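Geometric and topological summary
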Protein chains: 2
Amino acid sequence: MMVDILGYIAATLTTTSFLPQAILTIRTRDTDALSLTMYSTFTLGVLCWLIYGIYLANNVIIVANAITLFLAMLILSFKVYNTFFKQ
Amino acid sequence: MMVDILGYIAATLTTTSFLPQAILTIRTRDTDALSLTMYSTFTLGVLCWLIYGIYLANNVIIVANAITLFLAMLILSFKVYNTFFKQ
């Protein structure tokens, strides 16, 4: 029971942590210090976690990774735009 | 079995993704586009995941989060230095 709460706290912290990063990236549009390889790999990894959660029918894994996937894709899209399409 | 492999792939991707970010940060020392709130919250979250894994005696959770914790703390330390101590 106690250990479950710790799991929820852990999931909440690692998931919501990407919100301030997304806000900073949207506001400044600066992605120079962000690694393209990191966000590509991370986004793919979170997608795998999401599918894993769906297979296991584990709502905590599904919800946490759906939110993280959305935020990571948002940050990645700014990085991809700045790297390949910005004049 | 198939689903376990997916979990391992997911854990490997999200864990190793922080390696290129750490390398980029060490090499350039540029942390302008990195959110301090993100890395503080994320590092705390990963620490909770690690303790959670130790409680559950789950080696996958322990190993993945020990590596991520090390990398996240490394990136966070550069951000903290640049934000508060750099002249």
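Our subject is the structure listed above.
**Brief notes about the overall build of chain A**
If you tally the helices and strands in chain A, you get four helices and zero strands. Traced from its N-terminal end to its C-terminal end, chain A shows the element sequence α-α-α-α. Overall size of chain A, expressed as C-alpha extent along the three principal axes, is 55 × 25 × 15 Å. Looking at the 87 residues of chain A, the share that counts as buried comes to 47%. Total accessible area on chain A stands at roughly 4,800 Å², and carbon and sulfur atoms take up 70% of it.

**Regarding helix α3 (residues 36–56) of chain A**
When the terminal C-alpha atoms of α3 of chain A are compared, their 30 Å separation across 21 residues agrees well with the 30 Å that a helix rising 1.5 Å per residue should span. Among all positions in α3 of chain A, only Met-38, Tyr-39, Thr-41, Phe-42, Thr-43, Gly-45, Val-46, Cys-48, Leu-50, Tyr-52 and Gly-53 of chain A are buried. Those residues of α3 of chain A hidden inside the fold are in contact with α2 (18–28) and α4 (59–85) of chain A together with α1 (2–16), α2 (18–28) and α3 (36–56) of chain B. Phi turns positive, to about 55°, at Ala-57 of chain A, one or two residues after α3 of chain A.

**Quick look at the nonpolar core**
In this structure, Phe-18, Met-38, Tyr-39 and Phe-42 of chain A together with Phe-18, Tyr-39 and Phe-42 of chain B are the most contacted members of the largest nonpolar core, which totals 28 residues. Put simply, the parts of the chain that give this core at least two residues each are α2, α3 and α4 of chain A together with α2, α3 and α4 (59–85) of chain B. Once residues lying within four places of it in the same chain are set aside, the contact partners of Phe-42 of chain A are Phe-18, Thr-68 and Ala-72 of chain A together with Thr-14, Ser-17 and Phe-18 of chain B.

**What to know about the packing of α2 of chain A against α3 of chain B**
Taken N-terminus to C-terminus, the directions of α2 of chain A and α3 of chain B make an angle of 165°; their axes are 7 Å apart at the nearest point. Put simply, α2 of chain A runs roughly antiparallel to α3 of chain B. Judged by the twist between their axes, the crossing of α2 of chain A over α3 of chain B is left-handed. Across from Phe-18, Pro-20 and Gln-21 of chain A in α2 of chain A, the residues of α3 of chain B making contact are Thr-37, Met-38 and Phe-42 of chain B. A breakdown of the residues in the contact of α2 of chain A with α3 of chain B according to their chemical character gives four nonpolar, two polar and no charged.

Thresholds, definitions, all that
Residues numbered from 1 in each chain as written. Chains lettered and ligands numbered in written order. Predicted model: local features only at pLDDT ≥ 70, side-chain atom pairs only at ≥ 80, totals over all residues. Heavy atoms only, no water. Helix = DSSP H or I, 4+ residues; strand = E, 2+ residues; numbered from the N terminus. Buried < 20%, exposed > 50% of the residue type's maximum accessible area, 1.4 Å probe, protein only. Areas by Shrake-Rupley, 256 points an atom, 1.4 Å probe, with all protein chains shown as cover. Expected span 1.5 Å × (residues − 1). Contact = heavy atoms within 4.5 Å. Core = buried A, V, L, I, M, F, W, Y, C linked by side-chain atoms within 4.5 Å. Axes fitted to C-alpha atoms, helices over the stretch in contact; angles between N-to-C directions. Parallel < 35°, antiparallel > 145°, perpendicular 65-115°, else oblique. Left-handed = near helix turned anticlockwise from the far one by under 90°. Nonpolar A, V, L, I, M, F, W, Y, C, P; charged D, E, K, R; others polar.

Shape is all these values report; function is a separate question.
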